[in-house]
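Report on the structure
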Amino acid sequence: MSMNLRHAATLMLLTCLFGSGCSFSVGLSQQQKAAVADFGNSTAAIGTSIPQELTSMRDRTVRMRIDELNVIYPVPKQWPDYQHLDKDFEPASLQQRIAASQALAAYGNLLEKLATSSDASDLNQAVSNFQSSVNTLAQKSLSTQQIDAVGEAVRVVAGIYIERKRAEALKTIVEDTHDQTNALCGLLAVDFDPNGGNLMSAVKLAAMRLEEDADNHLKKVGNSHPQDYGALVKLYWEGAENAVYVEKVGGSMVSAITQIQKANDNLLKALQAPEFAFESPTELEADVKGIQAWTAILKN
Amino acid sequence: MAALGPNLFTALDNLQTLLIKTPAGSDHDTLQDQYDKLWDQAQDLVDANVQAATVEYNSAIKVLADANKKIQDAINGLAKAVDVINKVAEAITVIDTLLTKLGVI
């Protein structure tokens, strides 16, 4: 066969593979693997940052509420009393958000394991973590049947090492959970939006109150330096420092959560796309290697 | 809280900037009272975690957007304190109606 004919034959084979909707398949394409990794990375990041920031938000707010009580008289009308200084950050309320972030992280980890591992105990551990974290959510967005179906899909891959099953399992799971994942992220994003009317807004309101009350009192005393002058100035700056925290951390948390939604959309798109769609010669090369490996298995 | 939150918090942000710029006096005191009232309303909304979208809710968004424009003008020296006071008073009334209707206050 001449070189031109060989090229033509290769081209025909590739056209047939890509154009036929890929009835011939060896599993996940490079794009799909990258989409899974991107999703896994973004959920892993918030799995640790959300619990940390929630604790920080509660501690900052309680501290500001105590400091306001120390300096400002009369106490603002809506200020919580000494037994409810953690108002808006009660343990049950925080636990709900922590459970949601852990469920997202466990889900991302499960998908990554499903895309990369064939070790049965590894996969079973990932699915068990995911199922138990979803079960701790106060408002479960997945039904028991859906959770069981995820476990079953993963176990198929763990039991039978077939690349094709891997792609099918991922697609099934992501299609089932895509909307709920985005809805959960939407709720978390509002929690961290300084203007969202939820948790970060409570920190913001406390910070604003400190700044405003201290400024108001300082304006009244003018150039005189009463005994509480230093305390008022300290309160003013504490409010200002927390206001910066609110905008900075709130903004970065919202952006991290929005990133998960984007990664989730991209993942769904990638899994629904033909498995051999490619955007670069490197991806094509990797996929061709996959075909060669599969052909070798079939020949044997 | 959908679009009400951003409008209400922007109004508080803007009003605080204006208050810090405004010297002590009767305008400052009136603006301070209005700021306190808006702050209380925002805290009520945070505590209640309001997600409603009623006619009153939409009216509150509109009147807050108008108030924000007026406060911003005043910060830039293009509006008088009295204009801001009138607009913010209107916003406070509409939000009060909303909170009452929602059973928050």
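Residues numbered from 1 in each chain as written. Chains lettered and ligands numbered in written order. Predicted model: local features only at pLDDT ≥ 70, side-chain atom pairs only at ≥ 80, totals over all residues.

Attention now moves to the overall build of chain A. A count of helical and extended segments in chain A gives nine helices and zero strands. Its helices and strands taken in sequence order, chain A reads α-α-α-α-α-α-α-α-α from the N to the C terminus. When each of the 300 residues of chain A is scored for burial, the buried share is 38%. Within chain A, counting contacts between residues at least 6 apart in sequence, those at least 24 apart form 79% of the total. (Helix = DSSP H or I, 4+ residues; strand = E, 2+ residues; numbered from the N terminus. Buried ≥ 20, exposed ≤ 12 C-beta atoms within 10 Å, placed from the backbone. Contact = placed C-beta atoms within 7 Å.)

Right, let's talk about the overall build of chain B for a bit. In terms of helices and strands, chain B carries four helices and zero strands. Written out in order from the N terminus, the α and β elements of chain B read α-α-α-α. Relative to a compact globule of 105 residues, whose C-alpha radius of gyration would be 13 Å, chain B shows 13 Å and is just as compact. Principal axes of the C-alpha set define a box for chain B whose edges measure 35 × 20 × 20 Å. In chain B, which comprises 105 residues, the proportion classed as buried is 39%. In chain B, of all internal contacts separated by at least 6 residues, the share reaching a separation of at least 24 is 76%. (Rg over C-alpha atoms; globule rule 2.2 N^0.38 Å.)

Turning our attention to the interface of chain A and chain B. Between chain A and chain B, the contact holds 20 residues from the first and 21 residues from the second. Residues that form the side of chain A that touches chain B fall into these classes: four nonpolar, seven polar and nine charged. (Nonpolar A, V, L, I, M, F, W, Y, C, P; charged D, E, K, R; others polar.)

A few words on the confidence of the model for chain A. Low pLDDT means the predicted atomic positions in that stretch should not be read closely. In the predicted model, chain A carries a mean pLDDT of 82, and the fraction of residues at 70 or more is 77%. Taken together, the stretch residues 1-25 of chain A has pLDDT below 50 and engages in 13 contacts with residues farther than four places along the chain or on a different chain. (pLDDT = per-residue confidence, 0-100.)

The biggest cluster of nonpolar side chains holds 88 residues, and the ones touching the most others in it are Leu 170 and Leu 267 of chain A together with Leu 8, Ala 11, Leu 12, Leu 38 and Ala 42 of chain B. Considering every element that reaches this core, the biggest residue donor is helix α8 (residues 229-272) of chain A, with 13 residues. Residues within four places of Ala 42 of chain B in sequence aside, it is in contact with Leu 205 of chain A together with Leu 8, Phe 9 and Leu 12 of chain B. (Core = buried A, V, L, I, M, F, W, Y, C linked by C-beta atoms within 7 Å.)

Below, the discussion takes up unusual backbone geometry. All names here are of chain A. In this model, Tyr 73 is joined to Pro 74 through a cis peptide bond whose omega is -5 degrees. Mapped onto the elements of the fold, Pro 74 is located in the loop between α2 (30-71) and α3 (91-116). A positive phi angle is found at Asp 88, which is not glycine, with a value near 80 degrees. Mapped onto the fold, Asp 88 is located in the loop between α2 and α3. Under the C-beta neighbour-count criterion, Asp 88 is labelled buried, with 22 such atoms within 10 Å.

A few words now on helix α7 (residues 199-221) of chain A. Residues and elements named next belong to chain A. For α7, with 23 residues, the first-to-last C-alpha span of 34 Å sits near the 33 Å given by 1.5 Å per residue. For α7, a buried count of 17 out of 23 residues is recorded, marking the element as mostly surrounded by other parts of the structure. Where α7 terminates, the next one or two residues include Gly 222, which has phi positive at roughly 60 degrees. (Expected span 1.5 Å × (residues − 1).)

Attention now moves to the packing of α7 of chain A against helix α2 (residues 26-48) of chain B. Two elements in contact, α7 of chain A and α2 of chain B, have axes separated by 10 Å at closest approach and are oriented at 160 degrees. With respect to their mutual orientation, α7 of chain A and α2 of chain B come out roughly antiparallel. Judged by the sense of rotation from one axis to the other, the crossing of α7 of chain A with α2 of chain B is left-handed. For the pair α7 of chain A and α2 of chain B, the contacting residues are Ser 201, Ala 202, Leu 205, Met 208, Arg 209, Glu 212 and Asn 216 of chain A in the first and Gln 32, Tyr 35, Trp 39, Ala 42, Gln 43 and Val 46 of chain B in the second. (Axes fitted to C-alpha atoms, helices over the stretch in contact; angles between N-to-C directions. Parallel < 35°, antiparallel > 145°, perpendicular 65-115°, else oblique. Left-handed = near helix turned anticlockwise from the far one by under 90°.)

Moving on, we come to the environment of Asn 86 of chain B. For Asn 86 of chain B, the position within the fold is in helix α4 (residues 81-101). For the pair Asn 86 of chain B and Asp 66 of chain B, spaced 20 residues apart in sequence, the C-alpha to C-alpha distance is 11 Å.

With that settled, the discussion passes to the confidence of the model for chain B. Of the residues in chain B, 95% reach a pLDDT of 70 or more, and the chain-wide mean stands at 89. Scoring of the predicted complex yields 0.81 for pTM and 0.86 for ipTM.

As a packed pair, α7 of chain A and helix α1 (residues 4-21) of chain B sit with axes 11 Å apart at the nearest point and diverge in direction by 15 degrees. Considering their axes alone, α7 of chain A and α1 of chain B lie roughly parallel with respect to each other. As for how α7 of chain A packs across α1 of chain B, the hand of that crossing is left-handed. Here Ser 201, Lys 204, Met 208, Glu 211, Glu 212 and Asp 215 of chain A of α7 of chain A come into contact with α1 of chain B, specifically with Gly 5, Phe 9, Leu 12, Gln 16, Leu 19 and Ile 20 of chain B. Residue composition of the contact of α7 of chain A with α1 of chain B, grouped by class: five nonpolar, three polar and four charged.

Moving on to the environment of Tyr 35 of chain B. Examined against the element boundaries, Tyr 35 of chain B turns out to sit in helix α2. C-beta crowding within 10 Å serves as the criterion here: with 21 such atoms nearby, Tyr 35 of chain B is assigned to the buried category. Spatially, the C-alpha atom of Tyr 35 of chain B lies 7.5 Å from that of Gln 16 of chain B, the residues being 19 residues apart in sequence. Those residues in contact with Tyr 35 of chain B, other than ones at most four positions away along the chain, are Glu 212 of chain A together with Leu 15, Gln 16 and Leu 19 of chain B.

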